[in-house]
Amino acid sequence: MTGVGIDGIEIHTGKLRLDLAETFAPEMGDAPEKYTKGLGLHASSFPDTYEDIVTMGANAAHRLMKRKGLEPDDIGRIDVATESAFDHSKPVSTYIGGCLEQVFDGDLHHANKGERKFACVAGTQSIDDAYNWIKAGRNRGRAALVVATDTALYARDDPGEATQGAGAVAMLIDEDPDLVELSTEQGYGSADETDFLKPQQQFPSVDGKRSVNVYLARMREALVDYEQVGGKIHAEDFRLGPFHTPFPGMVRKAGVLAYRHITRDTDIEDELAEEIGRQPRSEAFEDDEAYMEALSEYTDALKDTERYREWYERTIDPTLDLSRRVGNWYTGSVHVARVSGLKSLAEAGEDAVGKRLLVGSYGSGAQAEIHVETVQENWLEEIDALNIDEQLASRYELSFEEYEDVHDAHNYDEESAVEEFTTPDAEFAFDGWGRMGERKYRFVE
Ligand code: HMG
């Protein structure tokens, strides 16, 4: 069998934009730099009143299928990853399948549909499921549609409110893929954590500062686990490192720790030794506290070296560009980071065929997963076909009062009569409630 991976990808952003520095920060009594420099975020995407996880996911999937010339019969499986589901029984993939049947001839009755939940890592888990299904030879020549879709909203005045976002990523998983091939090797870091959860509630309960540490700890574990099977990772082996990006500042923290780990016992550590010394080794310290302090001093110094900065600018920074403009999309976030990085290579005219990506996914609760992807021959066509820049540029700019209204409109506990801000155009829109409490959708020409 040829390789299996991502054959095509489409992104749909929520159609409203909240400027964090200009509009949100002053109302919160914060300096704009807390957002633009500290968190690394400039804006959040929000869904208009007629948008939700189904419309965003169906719009991304529709564009993907049309662009790739696919019919319902070509799809053997639809998996939706989300942590914003509104039904404990009926999966979002049935709604998305129903939407697609409105616009394509034929039906999706023979496609296996499901929903994956593990916070933000569920998108990557759905890709795994599709990969395994194809590798096992159960796909009958058909491809899998994976949709990662979320309205990542926090309760008003929660610190997480600064990192909100909404959008969907649709990916086609197939043999002989056009975009990236996935490695068989994977590493996991998984533990029972209570850092971010939604126990029967719409908005998350978050221990924000702890969630940052849990992200770093699980990601480190996954990296070590990956090396057990994939061999030692070297800093220069990877052209890009797309990581789960709840906000770019999080990946900035992860980047330096990853670099410290992968340069340990290498020529790079030796070369840097003259400038910042060698990495502290636990054996050299009497207690953990002294070791941790020395490690933290070394990491601070490492962050300021030219060698590290160059690596970060080349490998990590390009993956953060879209996230800066849209916020956290939960399950879609790492997949937005991959697109962002590849898009920047395309814009720079770089030939990326055969180059490798080190992909780090993460979900609170908590689990990290690391795998490797290899860029395929037709990658440029796939990236050039995206219209995400046009979508981002045409978002409606919210005032703070309008933001409050939109937040209420999407809050299950609020009554809201707010009108839509944009007009649906050749896309799926929410169309009211059915007699059993189901949500209804229609394609607006
Ligand atoms: P906060 O307390 O509002 O912000 O919450 P802060 O005071 O920590 O400031 C943020 C950064 O801005 C800091 O940088 C400040 O120094 C800096 P750091 O020190 O950490 O490098 N700053 C400034 N910089 C320049 N000029 C200024 C200025 N002021 C401050 N004037 C927090 C931050 C992340 C806790 C909050 O946003 C939060 O709770 N977010 C939600 C949770 C989250 O995103 N966690 C990330 C890891 S968990 C994860 O990724 C999973 C997740 O996606 C969910 C899932 O898996 O489903 C969330």
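Computed from a predicted structure; not experimentally measured. (Residues numbered from 1 in each chain as written. Predicted model: local features only at pLDDT ≥ 70, side-chain atom pairs only at ≥ 80, totals over all residues. Heavy atoms only, no water.)

This part is about the environment of aspartate 321. With respect to the helices and strands, aspartate 321 occurs in helix H11 (residues 321–326). Look at aspartate 321 and you get partly exposed, because its relative accessible area is 32%. Taking the C-alpha atoms as reference points, aspartate 321 and arginine 442, 121 residues apart in sequence, are found 33 Å from one another. A distance of 3.0 Å separates polar atoms of two side chains, one belonging to aspartate 321 and the other to arginine 325. (Helix = DSSP H or I, 4+ residues; strand = E, 2+ residues; numbered from the N terminus. Buried < 20%, exposed > 50% of the residue type's maximum accessible area, 1.4 Å probe, protein only. Polar contact = N/O pair within 3.5 Å; in protein donor to acceptor, adjacent residues only side chain to side chain.)

It is worth spelling out unusual backbone geometry at this point. Residue alanine 366 follows glycine 365 across a cis peptide bond; omega there is 5 degrees. Position of alanine 366 among the secondary structure elements: in the loop between strand E11 (356–363) and strand E12 (367–375). Of note, aspartate 157 is a non-glycine position whose phi angle comes to about 75 degrees, a positive value. Looking at the secondary structure, you find aspartate 157 in the loop between strand E6 (143–152) and strand E7 (165–175). Among the residues examined, aspartate 157 registers a relative accessible area of 61% and is labelled exposed. Non-glycine residue glutamine 200 carries a positive phi angle of around 55 degrees.

Next up on the list: the site of the ligand. Taken together, 27 residues surround the ligand, and among them Lys34, Glu83, Cys120, Lys209 and Lys253 come closest. Between asparagine 328 and the ligand, the recorded distance is 3.0 Å, taken from a side-chain N or O atom to an oxygen atom. Contact between the ligand and serine 364: an oxygen atom at 2.8 Å from a main-chain N or O atom of the residue. Computed on the free molecule, the ligand has an accessible area of 1100 Å², of which 73% lies beneath the protein chains in the complex. (Near = heavy atom within 4 Å. Areas by Shrake-Rupley, 256 points an atom, 1.4 Å probe, with all protein chains shown as cover.)

Our focus in this paragraph is the sheet that holds strand E3 (residues 43–46). Strand order in the open sheet formed by three strands is E3-E2-E13, with mixed pairing between adjacent strands. Looking along the sheet, the strands with just one partner apiece sit at the ends: E3 and strand E13 (396–397). Sheet analysis places strand E2 (residues 16–19) next to E13, joined by two bridges and oriented parallel. Bridged to leucine 16 within E13 is tyrosine 396. The sheet contacts of helix H1 (residues 20–28) involve E2 and E3, and relative to E2 the element is tilted by about 60 degrees. (Pairing = 2+ DSSP bridges. Contact = heavy atoms within 4.5 Å. Axes fitted to C-alpha atoms, helices over the stretch in contact; angles between N-to-C directions.)

With 16 residues, helix H9 (residues 288–303) ought to run about 22 Å at 1.5 Å a step, and its terminal C-alpha atoms sit 22 Å apart, in line with that. Within H9 the residues assigned to the buried category are Tyr291, Ala294, Leu295, Tyr298, Thr299 and Leu302. What you see down the axis of H9 is that its buried residues fit within an arc of 140 degrees, all on one side. Exposed positions of H9 whose direction lies more than 90 degrees from the buried face are Glu289 and Glu297. Contact partners of the buried residues in H9: helix H7 (248–263), helix H8 (267–276) and helix H10 (306–315). Sitting at the head of H9, aspartate 287 places a side-chain oxygen 3.1 Å from the backbone nitrogen of glutamate 289. (Expected span 1.5 Å × (residues − 1). Arc of directions from axis to C-beta.)

Where helix H2 (residues 32–39) contacts H7, the axes come no closer than 7 Å and their chain directions differ by 40 degrees. The segment H2 lies against H7, with Lys37, Gly38 and Leu39 engaging Pro248, Gly249 and Arg252. By residue class, the composition of the contact of H2 with H7 is two nonpolar, two polar and two charged. (Nonpolar A, V, L, I, M, F, W, Y, C, P; charged D, E, K, R; others polar.)

In this structure, Phe24, Phe46, Tyr215, Trp311 and Leu398 are the most contacted members of the largest nonpolar core, which totals 52 residues. The dominant element in this core, judged by the number of residues it contributes, is helix H6 (residues 208–230), at eight residues. When neighbours within four sequence positions are excluded, phenylalanine 46 is seen to be in contact with Gly14, Lys15, Leu16, Leu18, Glu51, Leu153, Gln164, Ala166, Leu398, Tyr403 and Val406. (Core = buried A, V, L, I, M, F, W, Y, C linked by side-chain atoms within 4.5 Å.)

To continue, consider the UniProt feature "domain: Hydroxymethylglutaryl-coenzyme A synthase C-terminal" (unreviewed entry) in the chain. Cross-referencing UniProt, the feature "domain: Hydroxymethylglutaryl-coenzyme A synthase C-terminal" (unreviewed entry) maps to residues 195–407 in the present numbering. Within the segment residues 195–407, helix and strand shares are 54% and 11% respectively, and the terminal C-alpha atoms sit 23 Å apart. (UniProt positions renumbered as here; feature names shortened; annotations may be inferred.)

Reading across the sheet, the eight strands line up as E5-E4-E6-E7-E1-E8-E12-E11 and stay open at both edges, with mixed pairing between neighbours. Looking at which strands have only one partner, the edges of the open sheet turn out to be strand E5 (112–116) and E11. With strand direction ignored, the average angle separating the axes of adjacent strands in the sheet is 25 degrees. When E6 meets E7, the two strands line up antiparallel, connected through nine bridges. When the sheet's bridge partners are listed, alanine 148 is paired in E7 with valine 169. Of the strands in this sheet, strand E1 (4–13), strand E4 (75–81), E6 and E7 are in contact with helix H3 (residues 53–67), which crosses E6 at around 145 degrees. Docked against the sheet, H6 engages strand E8 (180–190), E11 and E12, running at close to 120 degrees with respect to E8.

Once that is clear, we can look at the pattern of salt bridges. Per the stated rule, a full pass over the model turns up 35 salt bridges. One salt bridge in this structure joins arginine 77 and aspartate 79, with 2.7 Å as the shortest N-O distance. With a relative accessible area of 12%, arginine 77 lands in the buried category. One salt bridge in this structure joins glutamate 271 and arginine 307, with 2.4 Å as the shortest N-O distance. Here glutamate 271 is found in helix H8, whereas its partner arginine 307 is found in helix H10, with 36 residues between them in sequence. Three or more residues are tied together by salt bridges with common partners; here these are Asp7, Glu10, Arg63, Arg67, Lys68, Asp178 and Glu382. (Salt bridge = Lys/Arg side-chain N within 4 Å of Asp/Glu carboxyl O.)

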